[in-house]
Amino acid sequence: MRHRTGNLLTDRPELYEARFPDPERLAGRWAEHLLRRYDVGPAVLDLGCGTGRDAACLQDAGRRVTAADLSGTMLTHARAHHPGPDYVLADLSRFDLGRPAFDAVVCLDSSLLYCHTNEQLDGFLTSCHHALVPGGLLIAEMRNGAYFLGRDEPPTAPADSRFTWHGTTYRSTTALSLDRAAQLLRRTRHWTADDGSPPVDEHSAWRLLLPQELRHLLTAHGFDVLALHDGPGPRTEPAWRPGDEPGTTADGDRLHLVARKATATHARPCHPGPSRASATTPAHPATGERP
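The residue count restarts for each chain, going from 1 along the sequence in the order it is written. This being a predicted model, a pLDDT of at least 70 is required before a residue's local features are given, and a value of 80 or more before pairs of side-chain atoms are given or counted; all residues contribute to the totals for chains, interfaces and linings. Heavy atoms from the whole structure form the basis of all side-chain values; hydrogens and water molecules are not counted.

**Side note on helix H5 (residues 72–81)**
Inference 1: Relative accessibility decides the category of a residue: with a 1.4 Å probe and only protein chains considered, values under 20% of the type maximum give buried, values over 50% give exposed, and everything between is partly exposed. By the criteria applied, helices consist of DSSP H or I runs no shorter than four residues and strands consist of E runs no shorter than two, each listed in order from the N terminus. Every buried residue of H5 is accounted for by Met74, Leu75, His77 and Ala78. Down the axis of H5, the buried set is contained in an arc of 160°. They therefore lie on one face. Exposed positions of H5 whose direction lies more than 90 degrees from the buried face are Thr76 and Ala80.
Inference 2: We call two residues in contact whenever any of their non-hydrogen atoms come within 4.5 Å of each other. Residues of H5 that are buried in the fold lie against helix H1 (8–11), helix H2 (13–19), strand S3 (64–69) and strand S4 (86–89). Think of the arc as the fan of directions from the helix axis to the C-beta atoms.

**Some details on the sheet that holds strand S2 (residues 43–47)**
Inference 1: Taken in spatial order, the 7 strands line up as S4-S3-S2-S5-S6-S12-S11 in an open sheet, and their pairing is mixed. A strand with exactly one partner marks an edge of an open sheet, and here the two such strands are S4 and strand S11 (223–229). Along the sheet, successive strands turn relative to each other by an average axial angle of 20°, direction set aside.
Inference 2: Two strands are said to pair when DSSP picks up at least two bridges between them. Relative to S4, S3 is paired through 4 bridges, and the arrangement is parallel. Residue pairing for S4: Ala67 is matched across the bridge by Tyr87.
Inference 3: Note on method: axes are straight lines fitted to C-alpha atoms, helices fitted across the in-contact stretch only, with angles between N-to-C directions ranging 0 to 180 degrees. The sheet strands contacting helix H4 (residues 53–60) are S2, S3 and S4, and the helix crosses S3 at an angle near 170°.
Inference 4: Here helix H7 (residues 211–220) sits on the sheet and contacts strand S6 (132–143), S11 and strand S12 (254–261); the angle it forms with S11, its principal contact strand, is near 160°.

**Things to note about the packing of aromatic side chains**
Inference 1: Each Phe, Tyr or Trp ring (for Trp, its six-membered ring) is paired with any other whose centre lies within 6.5 Å, and the angle between the two planes then decides the class: stacked below 30 degrees, edge-to-face above 60, tilted in between. Applying the stated criterion across every chain, the model contains 4 aromatic pairs.
Inference 2: Seen in terms of ring centroids, Phe163 and Tyr170 are 5.3 Å apart; in terms of plane orientation they differ by 20°. Their pairing is stacked. Of the two residues examined, Phe163 and Tyr170, each falls in the buried class.
Inference 3: Their ring planes at 85° and their centres at 6.1 Å tell us that Phe163 and Trp191 sit as a pair that is edge-to-face. Pair noted here: Phe163 is in strand S7 (residues 159–165) and Trp191 is in strand S9 (residues 184–193), with a separation of 28 residues, a long-range link. Judged on exposure class, the residue Phe163 and its partner Trp191 are both buried.
Inference 4: Grouping aromatic residues by their ring pairs yields a cluster made of Phe163, Tyr170 and Trp191.
Inference 5: The lysine or arginine in question, Arg143, covers the ring of Trp206, its NZ or CZ lying 4.3 Å from the ring centre. In our convention, an over-ring charge means Lys NZ or Arg CZ found within 6 Å of a ring centre and within 35 degrees of that ring's normal.

**Description of the packing of helix H3 (residues 26–37) against H4**
Inference 1: Running from amino to carboxyl end, H3 crosses H4 at an angle of 45°, the nearest separation of the two axes being 8 Å. As judged from the angle between their axes, H3 and H4 are oblique. Relative to H4, H3 is oriented so that their crossing is right-handed. Counted together, Ala27, Gly28, Arg29, Ala31, Glu32 and Leu35 of H3 and Asp54, Cys57 and Leu58 of H4 form the full contact between these two elements.
Inference 2: Note on residue classes: Ala, Val, Leu, Ile, Met, Phe, Trp, Tyr, Cys and Pro are nonpolar, Asp, Glu, Lys and Arg are charged, and everything else, Gly too, is polar. For the contact of H3 with H4, the per-class residue count stands at 5 nonpolar, 1 polar and 3 charged. Roughly parallel refers to an angle under 35 degrees, roughly antiparallel to one over 145, roughly perpendicular to one between 65 and 115, and oblique to any angle outside these ranges. By convention, the crossing between two helices is left-handed when the near helix turns anticlockwise from the far helix through less than a right angle, and right-handed when the turn is clockwise.

**Focus on the environment of Asp96**
Inference 1: Position of Asp96 among the secondary structure elements: in the loop between S4 and strand S5 (102–107).
Inference 2: In sequence terms Asp96 and Cys128 are 32 residues apart; their C-alpha atoms lie 8.8 Å from each other.
Inference 3: Polar side-chain contacts of Asp96 include one of 2.9 Å to the backbone nitrogen of Gly98. Pairs of N or O atoms are called polar contacts if they sit within 3.5 Å, as long as, within protein, a hydrogen donor faces a hydrogen acceptor (for residues adjacent in sequence, only side-chain-to-side-chain pairs).

**So, the confidence of the model for the chain**
It should be kept in mind that the predicted coordinates are not to be read in detail where pLDDT is low.
Inference 1: The quantity known as pLDDT measures the predictor's confidence residue by residue, on a range of 0 to 100. Summing up the model confidence of the chain, the mean pLDDT is 90 and the portion of residues at 70 or higher is 89%.
Inference 2: Confidence drops under pLDDT 50 across residues 265–291; counting only partners more than four residues distant or on other chains, this segment forms 84 contacts.

**Some thoughts on the nonpolar core**
Inference 1: Ranked by size, the top nonpolar core spans 38 residues in total, and within it Leu47, Leu112, Phe124, Leu138 and Leu257 carry the most contacts.
Inference 2: Of all the secondary-structure elements, those providing two or more residues to this core are S2, S5, helix H6 (118–131), S6, H7, S11 and S12.
Inference 3: Among the elements that make up this core, the one with the highest residue count is H6 (5 residues).
Inference 4: Once residues within four sequence positions are removed from consideration, Leu112 is found in contact with Cys107, Leu121, Phe124, Ala140, Met142 and Leu209.
Inference 5: Take the buried Ala, Val, Leu, Ile, Met, Phe, Trp, Tyr and Cys residues and link them wherever side-chain atoms come within 4.5 Å; each set so joined is a nonpolar core. In terms of nonpolar packing, the next biggest core, distinct from the first, is built from 24 residues, Leu26, Trp30, Cys49 and Tyr87 among them.

See the structure below:
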């Protein structure tokens, strides 16, 4: 049987939501909690919005949300199933949505880590700095590169999983590997389904950032880091619950970031401004569903 290369879940967003259900809208509620904690204004940009669940959660909480993703398929699904936010096509590593207009930028589920190179990271932070009003917040949640320091490699044996949706059972075999030179956690996943469709082979990766490396990048781009810790958060065990205070360590497998665009006149991003994204922007090399 012939295999095709792609991404089963991002090609079919309804499958993504079936594979990763979030009935409590935990990630969106966590982000809204931080927006309220830091008394942020209503205009929010959700970067890497995916299926739109978190963007719609923030919109329902009273925010005025613009939600951006590089996948037109995801955006079509989001507009149909999670209406309310203004959904736009943009590459998070280089976007320009006009004059500084957002009180906060939210980037959940390791979306930031699809910026693999230093140039892409610079472009992301420059774009965020340009999009935010003075004093605006950047809130991000992602894998923690420091988690792999002094620990064994990712499991060498592939992990198997399965789920059933609308009578079809989908099976996956996932292998992870570390590319230390590039600071990437690479993933190869093989999907099969019992409906007779051809198997799908996926290849994706996340940039692994160390906490102090991330602090330096943010400071260099005109941000003050207010919080950087490993939990609790929406993807930790145990998961964040209302009333939980932020942690003081950065040892776990997730990082949670709150940074403020500096208001001092000398604080300016150290890289040229971003180019305007358009529908002709080439596909990002790191397409993949979020962990």
